[in-house]
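Read off the chains here:
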Amino acid sequence: MVVRAGSPAPDFTLPGTGGRDYSLSDYRGGPVVLVFYPGDNTPVCTEQLNQYTADIEKFADVGAQVLAISPQSVKSHERFACKQGGFAFPLLADEDKAVGEAYGIIGPSGFYRRSAFVVDPKGIIRYDHRAVGGMKFRPSDELVAAVRASG
């Protein structure tokens, strides 16, 4: 079953930057923007996460927590974040790709597809986008608009 808008968001707990674990259910009661990205220190992913960091006030204005997830280790995420001067949200490590599988964002070659989901305060997905063949990420304004529309 592929999760889509209107489906309950699969819960997860993953280790992340900041020396702690993060669970989607910890953010129940507020909107969450889940950003799945293929890899640390890659050009498009670096541009994407730096853009979301630059626009963090837009996400904050709608009360949204951004969580960025990729299959690299926490150690890799910490080096990546340090090299970029830090990100405004945690980077979570889905090393076995179980969360990626649950959200249906694993491509045919086993790599993460660049994807974004908006989860409403009740844990329901209200927006889903999975890139197919494209390198471009969803702009902050589109994600913020999806959060606004979610409730």
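Bear in mind that the values here come from a model prediction, so they are computed numbers and not experimental data.

1. Observations regarding the overall build of the protein chain
Across its full length, the protein chain holds five helices and seven strands. Computed over C-alpha atoms, the radius of gyration of the protein chain comes to 14 Å, within 12% of the 15 Å expected from 2.2 N^0.38 for 151 residues, which places it in the range of a compact globule. Projected onto its principal axes, the C-alpha positions of the protein chain cover 35 × 35 × 30 Å. Taken over 151 residues, the protein chain has a buried fraction of 51%. Taking the intrachain contacts of the protein chain between residues at least 6 apart in sequence as the baseline, contacts between residues at least 24 apart amount to 65%.

2. So, the nonpolar core
Core analysis: the biggest nonpolar cluster contains 25 residues, and V33, L49, Y52, F59, F89 and L91 have the highest contact counts within it. Among the secondary structure elements, those contributing two or more residues to this core are strand 3 (32-36), helix 1 (43-54), strand 4 (65-70), helix 3 (74-83), strand 6 (115-119) and helix 5 (140-149). Setting aside residues up to four positions removed in sequence, F59 forms contacts with V33, Y52, A64, V66, S140, L143 and V144. Of all hydrophobic cores here, the second largest spans 21 residues; its members include V3, A9, L92 and V119.

3. With respect to the packing of aromatic side chains
The full count for this structure, using the stated rule, is 10 aromatic pairs. Where F36 meets F117, the ring centres are 5.7 Å apart and the plane angle is 85 degrees; that geometry is what we call edge-to-face. Taken together, the residues F36 in strand 3 and F117 in strand 6 connect sequence positions 81 residues apart. Look at F80 and F87: their rings are 5.1 Å apart centre to centre, the planes differ by 55 degrees, and that puts the pair in the tilted class.

4. Looking at the side chain of Q48
Take Q48: it is sitting in helix 1. Q48 gets classed as buried once you look at its relative accessible area, which sits at 2%. When sequence neighbours within four positions are dropped, the list of residues in contact with Q48 reads V35, Y37, R114 and F137.

5. Some points on helix 5
For helix 5, the full list of buried residues reads S140, L143, V144, A146 and V147. Taken around the axis of helix 5, the buried residues stretch over an arc of 155 degrees, which confines them to a single face. Along helix 5, exposed side chains directed more than 90 degrees from the buried face belong to R148 and A149. Buried positions along helix 5 lie against strand 3, helix 1, helix 2 (56-61), strand 6 and strand 7 (125-130). One or two steps after helix 5, the chain reaches G151, where phi turns positive at roughly 150 degrees.

About the cut-offs
Residues numbered from 1 in each chain as written. Predicted model: local features only at pLDDT ≥ 70, side-chain atom pairs only at ≥ 80, totals over all residues. Heavy atoms only, no water. Helix = DSSP H or I, 4+ residues; strand = E, 2+ residues; numbered from the N terminus. Rg over C-alpha atoms; globule rule 2.2 N^0.38 Å. Buried < 20%, exposed > 50% of the residue type's maximum accessible area, 1.4 Å probe, protein only. Contact = heavy atoms within 4.5 Å. Core = buried A, V, L, I, M, F, W, Y, C linked by side-chain atoms within 4.5 Å. Phe/Tyr/Trp six-rings, centres within 6.5 Å; stacked < 30°, edge-to-face > 60°. Arc of directions from axis to C-beta.

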